[in-house]
Amino acid sequence: MSTVLSIENLSTFFKTDKGIVRAVEDVTFSLEEGEMLGLIGESGCGKTTVAQSILRLIEYPGKVVSGKVILNGKDLLKATDDELYSLRWKEISVIPQSAMNALNPVYTVGDQIIEAILLHEKVSKSEAVKRTKTLLELVGIDGERQKSFPHEFSGGMKQRVAIAMALACNPKLVISDESTTGLDVLTQAQVIALIKNLQKKMNLSVILISHDLPMVTAICEKIAIMYAGKLVEWATTEEILNNPKHPYSKALLNATPNLSDPDREVVSIPGSVPNLVNIPKCCRFHTRCPYAFDRCLNESPELREVTPGHYTACFLEGDKNG
Ligand SMILES: Nc1ncnc2c1ncn2[C@@H]1O[C@H](COP(=O)(O)OP(=O)(O)OP(=O)(O)O)[C@@H](O)[C@H]1O
Ligand code: SF4
Ligand SMILES: [Mg+2]
C-alpha cells in the first residue's frame, strides 16, 4: 500500500471581529491507497474546515496559515490554480452534503456528468456518453435515465448521481462530508453501503466525515477523531474500539449506543465544545476531562505515536518507546 494523502501540521484560522478562530490547529494524519478513514467529532470540531483546507476551498476571512497537504507527492497548498484545476476531479473529488448543490436543475443529469468529463479529460463526446451510462449503472441507476432531469429523481437517487459525478474522472481520493444528511435513515444506509462498495471495487481512498460513530466504525478501516480543532486520536478502527486512548474518544464511544452490547449504559458527555476564538494554549478538552491536571491548563499535548500506528494527544499517554 502507498500513501495517497498526507496532511502535516495543518492549521487554518478565521479572522473575525471577536478575534482569531483557531478552527484547525496542527492537524496531522495520512491516508493509504484503497483506505477509508472516518473523520469524526462533535459539531464545530473542525472536520469541514480540514476538508476545505485539503481542497483549497477556504475563503476569506479564513486562511490556511501553515502545514502541508501532500497528494501523491505534490503539496496542494503550493499548487498553482492550473495545477489545482487538473488535480480536482482527476485526483481528488468531493461528494457534496446536498446533491442539489452539485446538480443544476435545468440540465439533464447525463449532460452534467458528460460536461464534467469533457471539461477535464481529452475524450470524445461519444466516449463521455458511454462512460456516463456506465457510471450511472455503477451507482445503481438505469443508464437510460441520463436523459432525466434532477427533479425527476428521489433524494436518494440524486445523491447517487452526485456520487457518479464525483467519480466521473476516476479520482483516487474522494471526500464525503456528511453526504447523506437530509436523507431518511434507510436511504442513508443504502448510500453509505454504495460508497463502501465503490471504494472496494475501485480501490478508492475515502475520507468519510460524519457524526455517526456506529456507522463509521462499521465501515472505515481507520478513524481520526477531532476535538475543538485538534486531532486527538488516529488509529485503526479495531484499536479505537478496543483500546481507545484519549479521554474524548472514550467519552464519544460511551455516548453512543453499542448494538453488540445493548445493556451498556449510554453516558452523554457533559459540557460543550469550547469557543475557539483566541483560545489559550491548553489541552482543549480540559474543561470536560475527568482526568485534567495542572499541566493540561497551560500546555497543549502533541499528537504522538503511543503504540505502532496508534496516535493520540494526551499527557497521560507515553510514547511507544517510553
Ligand atoms: N467562515 C467562518 N468564519 C468564522 N468561523 C468559522 C467559519 N467557518 C467555520 N468556522 C469555525 O470553525 C470551527 C470549525 O467549524 P467546522 O465547520 O469545520 O466544524 P465541523 O466539525 O465541520 O462541524 P459540523 O459537524 O457542525 O459540520 C467552528 O468553531 C466554526 O465556528
Ligand atoms: S491532556 Fe489532560 S485534559 Fe487533555 S485529555 Fe489528557 S488528561 Fe484530559
Ligand atoms: Mg461540517
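The model shown is predicted, which means the values in this text are computed figures rather than measured ones.

(A) Structural context of empty space enclosed by the protein. In the structure shown here, the tally under the stated rule is 3 cavities of 30 Å³ or more. Approximately 100 Å³ is the volume found for the largest cavity. Volume-wise, the second largest cavity comes out at about 70 Å³. Surrounding the second largest cavity, Tyr-227, Lys-230, Val-232, His-246, Cys-282, Cys-283, Arg-284, Phe-285, Ser-300, Pro-301 and Ala-313 form its lining. Among the residues making up the lining of the second largest cavity, the classes are represented as 7 nonpolar, 2 polar and 2 charged.

(B) Examining the pattern of salt bridges more closely. Counted by the stated rule, this structure contains 13 salt bridges. With its nearest N and O atoms 3.1 Å apart, the salt bridge here joins Lys-222 to Glu-35. You can see Lys-222 sitting in strand E9 (residues 222-227) and its partner Glu-35 sitting in the loop between strand E2 (19-32) and strand E3 (36-40), a full 187 residues away along the chain. Summarising the burial analysis for this pair, Lys-222 and Glu-35 share the class buried. In this structure, Glu-299 engages Arg-295 in a salt bridge whose closest nitrogen and oxygen atoms are separated by 3.3 Å. Taken together, the shared-partner salt bridges connect Arg-22, Glu-25 and Arg-284 into one network.

(C) Structural detail: the site of ligand 2. Close to ligand 2 lie His-246, Pro-247, Cys-283, His-286, Cys-289, Tyr-291, Ala-292, Cys-296, Pro-301, Cys-314, Phe-315 and Leu-316. If you map ligand 2 onto the pockets, it falls in the largest cavity. Taken together, the residues of the shell around ligand 2 sort by class into 10 nonpolar, 2 polar and no charged.

(D) How the structure looks around the side chain of Arg-288. Within the fold, Arg-288 resides in the loop between helix H10 (247-254) and helix H11 (294-298). Relative accessible area serves as the criterion here: at 8%, Arg-288 is assigned to the buried category. A polar contact is formed between the side chain of Arg-288 and the backbone oxygen of Ile-269, at a distance of 3.5 Å. For Arg-288, the contacting residues outside a window of four places in its chain are Glu-42, Tyr-227, Ile-269, Pro-270, Gly-271, Ser-272 and Val-273.

(E) Summary view of the site of ligand 1. Inspection of the region around ligand 1 gives 14 residues, with Ser-43, Gly-44, Lys-47, Thr-48 and Thr-49 positioned closest. In this structure, an oxygen atom belonging to ligand 1 sits 2.8 Å away from a main-chain N or O atom of Gly-44. Here an oxygen atom of ligand 1 and a side-chain polar atom of His-211 are 2.9 Å apart. Within the complex, 65% of the 630 Å² of free accessible area of ligand 1 lies under protein. Looking at the shell around ligand 1, the elements with two or more residues in it are strand E1 (3-16), E2 and helix H1 (47-54). In terms of residue count, the dominant contributor to the shell around ligand 1 is H1 (3 residues). Its residues assigned to classes, the shell around ligand 1 comprises 5 nonpolar, 7 polar and 2 charged.

(F) Up close: the domain arrangement of the protein. Per the domain assignment, the segments of the protein are domain 1 (3-82 + 172-190 + 204-312) and domain 2 (100-170). The C-alpha-based centres of domain 1 and domain 2 are spaced at 31 Å. The interface of domain 1 with domain 2 comprises 7 residues on the first partner and 6 residues on the second. Of the roughly 450 Å² buried between domain 1 and domain 2 on both sides combined, carbon and sulfur atoms contribute 64%.

(G) Local environment of the pairing of E2. With 10 of 14 residues buried, E2 is to be regarded as a mostly interior element. Where E1 and E2 come together, 9 bridges link them in antiparallel fashion. Residue pairing in the sheet places Ile-7 in a bridge with Phe-29 of E2. Hairpin connection between E1 and E2: a loop of 2 residues separates the two successive antiparallel strands.

(H) Local environment of the layout of surface pockets. For the largest pocket, the calculated volume is near 590 Å³. Residue lining of the largest pocket: 23 residues in total, with Leu-57, Val-94, Ile-95, Pro-96 and Ala-102 positioned closest to the centre. A per-class count over the lining of the largest pocket returns 14 nonpolar, 7 polar and 2 charged. Counting contributing residues, the lining of the largest pocket receives three or more from each of domain 1 (3-82 + 172-190 + 204-312) and domain 2 (100-170). Roughly 310 Å³ of volume is contained in the second largest pocket. Going through the elements one at a time, E2 and strand E10 (230-236) are the ones with two or more residues in the lining of the second largest pocket. In terms of residue count, E2 provides more of the lining of the second largest pocket than any other element does, 4 residues in total.

The rules behind the values
Residues numbered from 1 in each chain as written. Chains lettered and ligands numbered in written order. Predicted model: local features only at pLDDT ≥ 70, side-chain atom pairs only at ≥ 80, totals over all residues. Heavy atoms only, no water. 1 Å grid on protein atoms, 1.4 Å probe; cavity = no way out; pocket = protein on both sides within 12 Å on 5 of 7 lines; lining within 4 Å. Points joined across faces, edges and corners; volume = space filled by probe spheres on them. Nonpolar A, V, L, I, M, F, W, Y, C, P; charged D, E, K, R; others polar. Salt bridge = Lys/Arg side-chain N within 4 Å of Asp/Glu carboxyl O. Helix = DSSP H or I, 4+ residues; strand = E, 2+ residues; numbered from the N terminus. Buried < 20%, exposed > 50% of the residue type's maximum accessible area, 1.4 Å probe, protein only. Near = heavy atom within 4 Å. Sits in = over half its atoms within 2 Å of the grid points. Polar contact = N/O pair within 3.5 Å; in protein donor to acceptor, adjacent residues only side chain to side chain. Contact = heavy atoms within 4.5 Å. Areas by Shrake-Rupley, 256 points an atom, 1.4 Å probe, with all protein chains shown as cover. Domains from an automatic or database assignment. Buried area = accessible area lost by both parts, 1.4 Å probe. Pairing = 2+ DSSP bridges.

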